[in-house]
Number of protein chains: 2
Amino acid sequence: MSLSELETPCLVLDRTRLERNCERMTQRFAGTGVALRPHMKTAKSIDVARIALKDNFGGITVSTLKEAEYFADNGITDITYAVSVVPDKFPRIAALIDRGVKLTTITDQIAMAEEVSRRAVEHGIVVDMLIELDSGERRAGVLAESDELIELGKRMTELPGCRLRGVITHAGNSYLCRSIDEIRKVAEEERVCAVTAARRLRETGLNADVVSVGSTPTATHFTSLEGLTEVRCGVYMFGDVFQSEIFSCAIDDLAVSVLATVIGHRREMNSVLIDAGGLALSKDRSTGAEGLPEDIGFGMVMDVTCQRRIDKVTVGRVYQEHGMLVSDGPFPFDQLPIGSRVRVLPNHVCMTAAMYDTYHLVDGTDDTVTGTWSRINGW
Amino acid sequence: MSLSELETPCLVLDRTRLERNCERMTQRFAGTGVALRPHMKTAKSIDVARIALKDNFGGITVSTLKEAEYFADNGITDITYAVSVVPDKFPRIAALIDRGVKLTTITDQIAMAEEVSRRAVEHGIVVDMLIELDSGERRAGVLAESDELIELGKRMTELPGCRLRGVITHAGNSYLCRSIDEIRKVAEEERVCAVTAARRLRETGLNADVVSVGSTPTATHFTSLEGLTEVRCGVYMFGDVFQSEIFSCAIDDLAVSVLATVIGHRREMNSVLIDAGGLALSKDRSTGAEGLPEDIGFGMVMDVTCQRRIDKVTVGRVYQEHGMLVSDGPFPFDQLPIGSRVRVLPNHVCMTAAMYDTYHLVDGTDDTVTGTWSRINGW
């Protein structure tokens, strides 16, 4: 089957680019003593995980328990669930541990650790926990220099149902950087935060075997890894236009695109309609943020081989099932006849891929669809 | 089971409100001679369709062929597929017609009608078609007064594989209105556009049995229905905060919300984290548009009964799996302890509901979950 025979809209994954992206990230940490624990929240696919895990130790990161269950079903046994645990999710956590998964959970709340411990004791298990740190993102986490860190560490240590394993942070604030130098600075702040917190815990006699950091920009541009034990990142596997604009990758590294069909010409409006709208592309507008080189609207429009951008065409507007292509200059209608196909590179691939349950595989410029991989969604 | 036992995030549907919303829209057209053909693109559920179809003629509108196939599987046989047909989708269209579905397709392109006809003849069927009109949205469609309308009508009539049924338009521009008077004006423009096009086709000796319009705002605030045969609208079944801000419904009409759990307090940042982020809520920002009463960010935060708003709390930021609640004033931490639950009313329910495959049903203020309904997604 070729790309021209697929039903649109659908998700296309260039396996050649995927493998190159994964190998590049793996090589970055090879021999450093820092383990790469790929974050599967973007790909949510065991086939992608197998490629990301090549030449790595085999552990992964997930953002939902559904991912944890799915990857455990597919043989992955070392999983960090990197979103603060809540008591109501305890039964699924216990079930994962019961079946032999080495599951690590995180929190920044004493009340949560206490409740997890209470339920764990009741269930007859001990739950591995990391203390979530805020290294500058200002989303979740305690500060590395705070009293709360030590209080939480002590409490987790004395609670019979918890096992304190160390610390974890995520420099999501790297997404706000607009130069590589800024990213390097954020990467160093992320490292210093994690290493400082681990040192303080150890100085108090507490355990901090795990010193975990990670975001694709900081994992790409760090200047030091000293004191870290692992790095978690995920979007690097696919890349997206936003990541290319913040120096994580180049446009020709982007492995995932949406295949769409031209369904209408509006010559008087200098635009073309495709059958990929807000549901097919997501409504993420990350390239519209301040200080980025180009606002691509809801996607960057490439030819069907995904090798060449169609002039400066972007998906300027989306409706539920319609995308409106626009151009700064005269619209290149001749390049996009009715019924022809384009590949749309997403703003933010985590959101776009989540609208699909299947990846259609291609290898580089060859338009043969070599297979399909499934992915999961939901919670 | 009660709401407090559900895994979060999940989608909650208040059946009492759904039934009231559907009945209200049905009553609006009862006895007018204009048929209500509910648009199922928002709900994508046969259970919701059955409620929307109560006291109506039984035909529906869909936005994807997957919806058409799903509803046909569930016994609905009169379906208008209201997104411009493309040649590559022909095999699925033919399969629906072959199994006895009265499927109506639309286009605004002569080339598309010709290609559909060619394939239809080859397949031994005739495909019902409506001409898509642009009544002011400036998305797709030909203008009612244009030469293209007559050309397209003539061509569809002479093509052996097409059967011209009439005209269709959608006043999506009603979403830009900021007063009921403006919506009334747009509704009248939508009606005049459709009626004018139908009259011009008939004056040329062409068929225009179907004169179809519809959007939730214009179906709510029309001043005349003269000359119309049917109305299509969909989001009215559930409503959302954006629709409440453009006068389609009240906040206490909103039937769909996302149930979420409080997973963190950030007192120094005056905010609270919930386990519903960009994937659970979607990244639609429609209430952020100019001229609307309140930008609710990514959702309006209600208590677990969905009867009372938590002060002025909104979902100010979203990450993939985290939502950050913010408030203009001092944050009401005491109302949102760790582990407690909220119901988040979405900006744009079509996008939010698409992140789930299940509706959890409640009836009004009772927190008993009375059942689940499935929904479909994808293409």
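Everything below is about the structure printed above this text.
Residues numbered from 1 in each chain as written. Chains lettered and ligands numbered in written order. Predicted model: local features only at pLDDT ≥ 70, side-chain atom pairs only at ≥ 80, totals over all residues. Heavy atoms only, no water.

J.: Quick rundown of the pairing of strand β5 (residues 102-107) of chain B? Include the residues and the values.
T.: A regular strand places its side chains so that they alternate between the two faces of the sheet. Residues and elements named next belong to chain B. The element β5 is extensively covered by neighbouring structure, given that five of its six residues are classed as buried. Both strand β4 (residues 78-81) and β5 contribute to a ladder of four bridges, which runs parallel. Considered in β5, the bridge of Y81 is made with T105. One crossover worth recording links β4 to the parallel β5 by way of helix α4 (residues 90-98), and it is right-handed. Alignment of β5 against strand β6 (residues 127-133), held across four bridges, turns out to be parallel. Within the sheet, the bridge partner assigned to T104 lies in β6 and is D128. Following the backbone out of β5, through helix α5 (residues 110-123) and into the adjacent parallel β6, one traces a crossover that is right-handed. (Buried < 20%, exposed > 50% of the residue type's maximum accessible area, 1.4 Å probe, protein only. Helix = DSSP H or I, 4+ residues; strand = E, 2+ residues; numbered from the N terminus. Pairing = 2+ DSSP bridges. Right-handed = clockwise from strand over helix to strand, strands pointing away.)

J.: An account of helix α4 (residues 90-98) of chain A is needed here, citing residue identities and associated values.
T.: Of all the positions in α4(A), only A:F90, A:R92, A:I93, A:A94, A:L96 and A:I97 are classed as buried. Contacts made by the buried residues of α4(A) are with α3 (65-73), β4 (78-81), β5 (102-107), α5 (110-123) and β6 (127-133) of chain A. (Contact = heavy atoms within 4.5 Å.)

J.: Kindly report on helix α1 (residues 15-29) of chain A, identifying the contributing residues and their values.
T.: Because each turn of an α-helix spans 3.6 residues, side chains separated by three or four positions end up pointing in the same direction. Residue and element names in this part refer to chain A. For α1, which comprises 15 residues, the first-to-last C-alpha distance of 22 Å matches the rise-based estimate of 21 Å (1.5 Å per residue) to within 8%. Of all the positions in α1, only R17, L18, N21, C22, M25, T26 and F29 are classed as buried. Around the axis of α1, the buried residues are gathered within 165° of arc, so they sit on the same side. Looking at the buried positions of α1, the neighbouring elements they touch are β1 (10-14), β2 (35-36), α2 (46-53), α8 (216-221), β9 (230-231) and β17 (371-374). Of the residues that open α1, the one with a side-chain oxygen 3.0 Å from the backbone nitrogen of T16 is D14. (Expected span 1.5 Å × (residues − 1). Arc of directions from axis to C-beta. Polar contact = N/O pair within 3.5 Å; in protein donor to acceptor, adjacent residues only side chain to side chain.)

J.: With reference to specific residues and values, describe the side chain of A:R343.
T.: Residue and element names in this part refer to chain A. Residue placement: R343 occurs in strand β15 (residues 341-345). Salt bridges are absent for the buried R343, whose nearest opposite-charge side chain, D14, sits at 5.0 Å. Here the side chain of R343 touches S257 through a polar contact of 2.7 Å, side chain to side chain. In terms of polar contacts, R343 uses its side chain to reach the backbone carbonyl oxygen of V304, at 2.7 Å. (Lys, Arg positive; Asp, Glu negative; His and termini not counted. Salt bridge = Lys/Arg side-chain N within 4 Å of Asp/Glu carboxyl O.)

J.: Mind laying out a negative patch on the surface, listing which residues take part and the relevant values?
T.: Residue and element names in this part refer to chain A. Together, E5, D363, D366 and D367 make up a region of like negative charge exposed at the surface. With respect to the secondary-structure elements, D367 resides in the loop between β16 (358-362) and β17. Among the residues examined, D367 registers a relative accessible area of 36% and is labelled partly exposed. (Patch = residues over 30% accessible without salt bridge, like charges linked within 9 Å, V, L, I, M, F, W, Y side chains within 5 Å. Areas by Shrake-Rupley, 256 points an atom, 1.4 Å probe, with all protein chains shown as cover. Charge placed at Lys NZ, Arg CZ, Asp CG, Glu CD.)

J.: Report on the relation of the copies chain B and chain A, specifying residues and quantitative values.
T.: Copy one and copy two of the chain differ by a rotation about a common axis and a shift along it. Taken as rigid bodies, chain B and chain A are interconverted by a rotation of 180° and an axial shift of 0.0 Å, the fit giving an RMSD of 0.0 Å. Such a combination of turn and shift is consistent with a two-fold rotation axis. Nearest to the rotation axis, the C-alpha of B:K283 is located 2.7 Å from it, this being the minimum over chain B. (Least-squares fit on C-alpha atoms with pLDDT ≥ 70 in both.)

J.: Give me the pattern of salt bridges: which residues, what numbers.
T.: Summed over the entire model, instances satisfying the criterion amount to 64 salt bridges over all chains. With a closest N to O distance of 3.7 Å, B:D55 and B:K54 form a salt bridge. In this pair, the class of B:D55 matches that of B:K54, namely exposed. A salt bridge links B:D128 to B:R165, with the shortest nitrogen-to-oxygen separation between them at 3.6 Å. Remark: B:R165 occurs in strand β7 (residues 162-169) and B:D128 occurs in strand β6; sequence separation between them is 37 residues. In this structure, B:D128 and B:R165 share a single accessibility class: buried. In the salt-bridge network here, residues are joined through shared partners; they are A:E115, A:R118, A:R119 and A:E122.

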